[in-house]
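Commentary on secondary and tertiary structure
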Amino acid sequence: MNSPRLVERDVNPRTAWALEQAGVAPLLARLLAARGVREAAELDENLNQLLPPTGLKGLSEAAKLLADAIQSGERLVIVADYDCDGATACAVMLRGLRLLGAQPEQLGYVVPDRAVHGYGLTPTIVDLAQAQKPGLLVTVDNGIASLAGVAHARALGIKVLVTDHHLPAQVADAIVVPEAEAIVNPNQPGCTFASKSLAGVGVAFYVLMGLRAELRSRGAFTEVPRLDGLLDLVALGTVADVVKLDANNRRLVAQGLKRMRAGRAQPGVMALFSAAKRDASKAQGFDLGFALGPRINAAGRLSDMTLGIEALTTDDPERAMQLATQLDAINRERREIESGMREMAEARLDALVEALSGALPPAVALFDADFHEGVVGIVASRIKDRVHRPTFVFARGADGQLKGSGRSIPGFHLRDALDLVSKREPELLAKFGGHAMAAGATLASPEVGDVHRFALAFARVAEEWLNEQDLTRTLRHDGALPPEAATAETARLLDAQVWGQGFEPPIFCDRFELISQRLVGEKHLKLRLRRAGQLIDGIWFNHVDMLPEKVTLAYRLSLDEWQGQQRVQYVIEAAA
C-alpha cells in the first residue's frame, strides 16, 4: 500500500569536488555532499572537535549543584526514562558520577514502570524516590515538562536538576519550564547550543563534562578522570532514540563504535552483542538501532527497565551475560506480541479502508481491546511505514485508561497536532507530549468511543496540514552505483561510516534485467540481476510479490557472509 516515489538526492558538484580534493573517495564524497556535508572538517571524529559544553544553557549551575552534592556527601537519585535512551543516560550518569568522586552509597536511581507510573518525574515518582532520602534528584531523558513533579519535590525540600532533550510544556500557548534548581536541555528557551539533536544520553554526557571542569577548578583531582569510556553507552542511546545524526552526534557515535570494535565497551554492551549474535568487532549503527537497542527497550515495554540499567552498570561480565540473556528472552516475547498486534492492527486498518470505499484517511488511529500498551509505539511505527500516514495506536492500560502512542511523517508535527486536538476537543485528552515525529497521549475518558472522537479530530488536523504530495511516501536515493563500485571494498568503506536518522545510509537506484527470482524462507524474494553485463545477487526481505523481467530497483549495497565467505549483494528497498 502506498508505493514510494523514487527521488534522486541533489549533489552540489563543487562540494563533492572539494571533499575529493581533501582525500575523500569519490563515491563517498558524492554521498556525503548529498547529505549536507560541506567540508572535510565535519568528518573529523576526534573528541576535540565536539561542540564545547559551555554552549549549553544551565550547565554551569548544574555543575555547581552536582559538585556541591558530591563534596558534601549528599545523596543523589537519578530519575530515568524507561526506554533505551533513558537507560543509557542513567548508566552514563551513575558511572560518570562515580568516576568524578561520588561514593557508591551516595548514588541511587528510580525508573517509572510504564504501566503503573507513566512517563516522567510525576509526583508519584518523587514519592518513590523519597524513600532513598535524596538531597538532589537528577532527571535524565525526562523532566522538562514535569511541572507538577518538580513542584512536589521542592515542596518536600528536595532539589531538582533536570537534564533532558524533549520539548518543554505549553500552558495557555506559552512555553513553561519547571522551577528546578537547574535545567540543561538544548531545546529549552534561550539555549544557543548548536546541536538541538542531542539525545538524553548525550545531554547527560555533556553535564558530566561540565561537572568535571567544575571539580577541576576546585582542585578536586590529582589526576583528571577520563570520560571517553562512557561513549559506547552514549552511542547506543543516541542511535536507539533515532535522533538526527548531525556532525556532533556522529562524532559521539563514531567514538562509541570504535570502543565496541576494540572490545573496550561496558560488559553489558558486549554481552548484548553476544546475546544478539552480532560481532562487536564489526559494530555498526545498524547493530545499535536494530539489535541492542530493542533488547534494552523490551525491558521497559514488557518488564522492568531496572534490568536494562543493571545490565549497563554492572562490571561483572558473568552477571552482564545473565541479564543480556534475560533481555533477549523478553525481546523475543515482545516480537511475538508485536506480530500478533500488527496483524490485528492491519485487519482494523483494512476494515477502515473498506468502510471508506478503498480510500485512506489522512491520519489513522486504531484500537483493539487485546492490544498491549507496551508495544503500541512499535505497531504505530509499522502501520505508519505501511500507509505513510500519521498513526496512533491505543491500548487499555493496566489502570484502565486508554493510552496511545503515535508516529508521524515529514511535514506533520505530531506534538503540535495533539496540542490543536486538545484545543478543539478540550475534554478529550488527559495528557500528551512528545516530539515532531513521535508522541504519546492518554484519553481523559476510558470509553472506547473516545478513540473514535480522537481519530476524527486527528484526521481533521491532518487533512488541513497535509497535501497529496505529503501523503505519498518519498524514497530519496543516490542515483546509480557505478558497476565497478559494486565490490566488497566499497561495501566495507560505506559500512565504516556513521549513518542514521537525518544522515541516511546510501540507497542506489538503477534499471535491471531479472534473470531469476524465487521465495526463500517463505517471505523473502531472492533475485539474480543483470546490469551492464554484470550479474549480481539481490534479496528483498519481507516481500513476496514477483517482479517483471525489466525493473527499476532502489537498493543498498551489502556484504553477505556465509560459512566464512563474503560476497556482495543488493538489499532491495523499493521497485518502480
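This report concerns the structure included in the present document. Quick caveat: nothing in here was measured; it's all calculated off a predicted structure.

**A word on the overall build of the protein chain**
Helix and strand counts for the protein chain stand at 17 helices and 19 strands. Expected size for 576 residues packed as a compact globule is a radius of gyration near 25 Å; at 24 Å, the protein chain falls within 12% of this value. C-alpha extents for the protein chain along the principal axes are approximately 75 × 60 × 45 Å. In the protein chain, of all internal contacts separated by at least 6 residues, the share reaching a separation of at least 24 is 66%. Carbon together with sulfur atoms contributes 49% to the accessible area of the protein chain, which is approximately 24700 Å² in total. In the protein chain, which carries 64 positive and 71 negative side-chain charges, the distance between the mean positions of the two groups comes to 3 Å.

**What about the packing of aromatic side chains?**
Applying the stated criterion across every chain, the model contains 15 aromatic pairs. When the centroid spacing of 5.6 Å and the interplanar angle of 25 degrees are considered together, the rings of Phe392 and Phe394 count as stacked. Both residues of the pair, Phe392 and Phe394, belong to the buried class. Plain terms: the ring middles of Phe394 and Phe454 are 5.1 Å apart, the flat faces sit at 75 degrees to each other, and that makes the pair edge-to-face. On the criterion of sequence distance, the pair formed by Phe394 in strand β10 (residues 391-396) and Phe454 in helix α16 (residues 449-465) is long-range, its members being 60 residues apart. The buried category is assigned to Phe394, whose relative accessible area is 0%. With a relative accessible area of 0%, Phe454 lands in the buried category. Aromatic rings pair up to connect Phe392, Phe394, Phe412, Phe454, Phe458 and Trp465 into one cluster.

**A few points about the sheet that holds strand β8 (residues 182-184)**
Strand order across the open sheet formed by five strands is β3-β2-β4-β5-β8, with parallel pairing between neighbours. Two strands bound the open sheet, and with one partner strand each, they are β3 (107-110) and β8. Recorded for the sheet is a direction-independent mean angle of 20 degrees between the axes of neighbouring strands. When strand β4 (residues 136-140) meets strand β5 (residues 159-163), the two strands line up parallel, connected through five bridges. Considered in β5, the bridge of Thr139 is made with Val162.

**Details of the environment of Pro482**
Following the sequence through the fold, Pro482 ends up in the loop between β14 (474-477) and α17 (488-495). If we skip the residues at most four places from it in the chain, Pro482 touches Arg30 and Arg531.

**Comments concerning α17**
Among all positions of α17, only Thr490, Ala491 and Leu494 are buried. Take α17 and look down its axis: the buried residues cluster within an arc of 100 degrees, on one side only. Buried residues in α17 make contact with α2 (26-34), β15 (508-520) and β18 (550-562).

**Some points on the pairing of β15**
By the bridge criterion, six bridges tie β15 to β18 in an arrangement that is antiparallel. Among the inter-strand pairings, Asp510 is bridged to a residue of β18, identified as Leu553. Relative to strand β16 (residues 524-531), β15 runs antiparallel, the two being bridged by seven bridges. Paired with Gln517 across the two strands is Leu527, which belongs to β16. Here β15 folds back onto β16, and the loop between the two strands holds three residues, one of which, Gly521, carries a positive phi near 60 degrees.

**Some remarks on the environment of Leu50**
Within the fold, Leu50 resides in the loop between α2 and α3 (59-72). What makes Leu50 buried here is its relative accessible area of 12%. Measuring from C-alpha to C-alpha, the distance between Leu50 and Ala276 comes to 31 Å, with 226 residues separating the pair along the chain.

**Focus: the nonpolar core**
In terms of nonpolar packing, the biggest core is built from 123 residues, with Leu97 and Tyr570 touching the most fellow members. The greatest single-element share of this core, amounting to ten residues, is contributed by helix α7 (residues 200-217). The next biggest cluster of nonpolar side chains, apart from the first, holds 26 residues, and it includes Leu402, Ala417, Ala455 and Val461.

**Some thoughts on the packing of α3 against α7**
Where α3 meets α7, the closest approach of the two axes is 8 Å, and the angle between their N-to-C directions is 65 degrees. For α3 against α7, the interelement crossing comes out right-handed. Here Leu59, Ala63, Lys64, Leu66, Ala67, Ile70 and Gln71 of α3 come into contact with α7, specifically with Tyr206, Val207, Gly210, Leu211, Glu214 and Leu215. In the contact of α3 with α7, the residues fall into nine nonpolar, two polar and two charged.

**Some words on helix α1 (residues 13-21)**
Those residues of α1 that sit buried are Thr15, Ala16 and Leu19. All buried residues of α1 fall inside an arc of 100 degrees around its axis, so they share one side. When the buried face of α1 is taken as reference, the exposed residues oriented beyond 90 degrees from it are Pro13, Arg14, Trp17 and Gln21. The inward-facing, buried residues of α1 abut α2. Its side-chain oxygen at 2.9 Å from the backbone nitrogen of Arg14, Asn12 defines the N-terminal cap of α1. Of the residues one or two after α1, Gly23 is the one with positive phi, at around 105 degrees.

Reading the values: rules and limits
Residues numbered from 1 in each chain as written. Predicted model: local features only at pLDDT ≥ 70, side-chain atom pairs only at ≥ 80, totals over all residues. Heavy atoms only, no water. Helix = DSSP H or I, 4+ residues; strand = E, 2+ residues; numbered from the N terminus. Rg over C-alpha atoms; globule rule 2.2 N^0.38 Å. Contact = heavy atoms within 4.5 Å. Areas by Shrake-Rupley, 256 points an atom, 1.4 Å probe, with all protein chains shown as cover. Lys, Arg positive; Asp, Glu negative; His and termini not counted. Charge placed at Lys NZ, Arg CZ, Asp CG, Glu CD. Phe/Tyr/Trp six-rings, centres within 6.5 Å; stacked < 30°, edge-to-face > 60°. Buried < 20%, exposed > 50% of the residue type's maximum accessible area, 1.4 Å probe, protein only. Pairing = 2+ DSSP bridges. Axes fitted to C-alpha atoms, helices over the stretch in contact; angles between N-to-C directions. Arc of directions from axis to C-beta. Core = buried A, V, L, I, M, F, W, Y, C linked by side-chain atoms within 4.5 Å. Left-handed = near helix turned anticlockwise from the far one by under 90°. Nonpolar A, V, L, I, M, F, W, Y, C, P; charged D, E, K, R; others polar. Polar contact = N/O pair within 3.5 Å; in protein donor to acceptor, adjacent residues only side chain to side chain.

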